[in-house]
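# Notes for the structure review
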Amino acid sequence: DKNINNKDLFYGNKIKKIVGIKDSILQCLDGYSIILFAYGYSGTGKTHSLIGGENNVLHNVLKEIKNKSGTAKIYSIKELYGYYDTDNTGFGEFKLEDDDNIYNKYKNVDISIKNYKNIIFGINNKRTIDERIKATPNNKVSSRSHLFITIEIKVNDEIGYLTLVDMAGIESPLDISFNIVPN
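The following paragraphs examine the structure supplied in this document. (Residues numbered from 1 in each chain as written. Predicted model: local features only at pLDDT ≥ 70, side-chain atom pairs only at ≥ 80, totals over all residues. Heavy atoms only, no water.)

With respect to the helices and strands, Glu152 occurs in strand 6 (residues 146–155). There is a polar contact of 2.9 Å between the side chain of Glu152 and the side chain of Tyr161. Setting aside anything within four residues of it in sequence, one finds Glu152 in contact with Thr71, Ala72, Lys73, Tyr75, Ile159, Gly160 and Tyr161. (Helix = DSSP H or I, 4+ residues; strand = E, 2+ residues; numbered from the N terminus. Polar contact = N/O pair within 3.5 Å; in protein donor to acceptor, adjacent residues only side chain to side chain. Contact = heavy atoms within 4.5 Å.)

Structure below.
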């Protein structure tokens, strides 16, 4: 629904009859491990809602951490990606990039309202160079890999974790067969 924004998603909106995810997600501030998956069709706003747009989930969580005088740091960044086999037999090999790669420079880096956009820019820049963000029939900046960002959060004596999972967008089967899979 184009009338729903990231603020509605996080905090809820009684007029629009939307229950926000804030209370569930913020359990990580109480020492719990929370995983949030964004899954769906390409171009529907998964990356935008998690880490990209104004008032995204990451922004709102970092704001709440700051309000509670807590701290957050990158615990890990992993990326799972695969490719279509050129002989049309299905998918090729899937690979996992983890802390032994370029993402390692972000490990244990403090993340806050002030610097998270630069960190996300660096991550997405690497994904674009590696063609894991590229144009598809449904979205000119589509995620072609699954990105896992885990953040360690400390508030008072509690340590919790928030893992944001940005799944690759799904294209329609006809678009895939005509535009992505080689004939």
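That covers the picture; the talk isn't over yet.
This next bit is on the pattern of salt bridges. Inspection of the entire model under this criterion finds four salt bridges. The closest approach of N and O atoms between Lys22 and Glu64, which form a salt bridge, is 4.0 Å. Within this pair, whereas Lys22 is found in helix 2 (residues 22–25), its partner Glu64 is found in helix 4 (residues 57–67), the two being separated by 42 residues in sequence. Accessibility expressed as a relative area gives 25% for Lys22, which makes it partly exposed. Judged by its relative accessible area of 11%, Glu64 is buried. Two residues, Lys117 and Glu54, come together in a salt bridge whose shortest N-O distance is 3.8 Å. (Salt bridge = Lys/Arg side-chain N within 4 Å of Asp/Glu carboxyl O. Buried < 20%, exposed > 50% of the residue type's maximum accessible area, 1.4 Å probe, protein only.)

In this section: the nonpolar core. Formed by 32 residues in total, the largest nonpolar core has its most connected members in Leu58, Val61, Ile111, Ile123 and Ile153. Elements represented by at least two residues in this core include exactly strand 1 (33–38), helix 3 (46–52), helix 4, strand 2 (71–81), helix 5 (116–129), strand 6 and strand 7 (158–166). (Core = buried A, V, L, I, M, F, W, Y, C linked by side-chain atoms within 4.5 Å.)

One non-glycine residue, Lys17, lies in the positive phi region at around 60°. The exposed category is assigned to Lys17, whose relative accessible area is 75%. Despite not being glycine, Asn55 shows a phi value in the positive range, around 55°. Within the secondary structure, Asn55 sits in the loop between helix 3 and helix 4.

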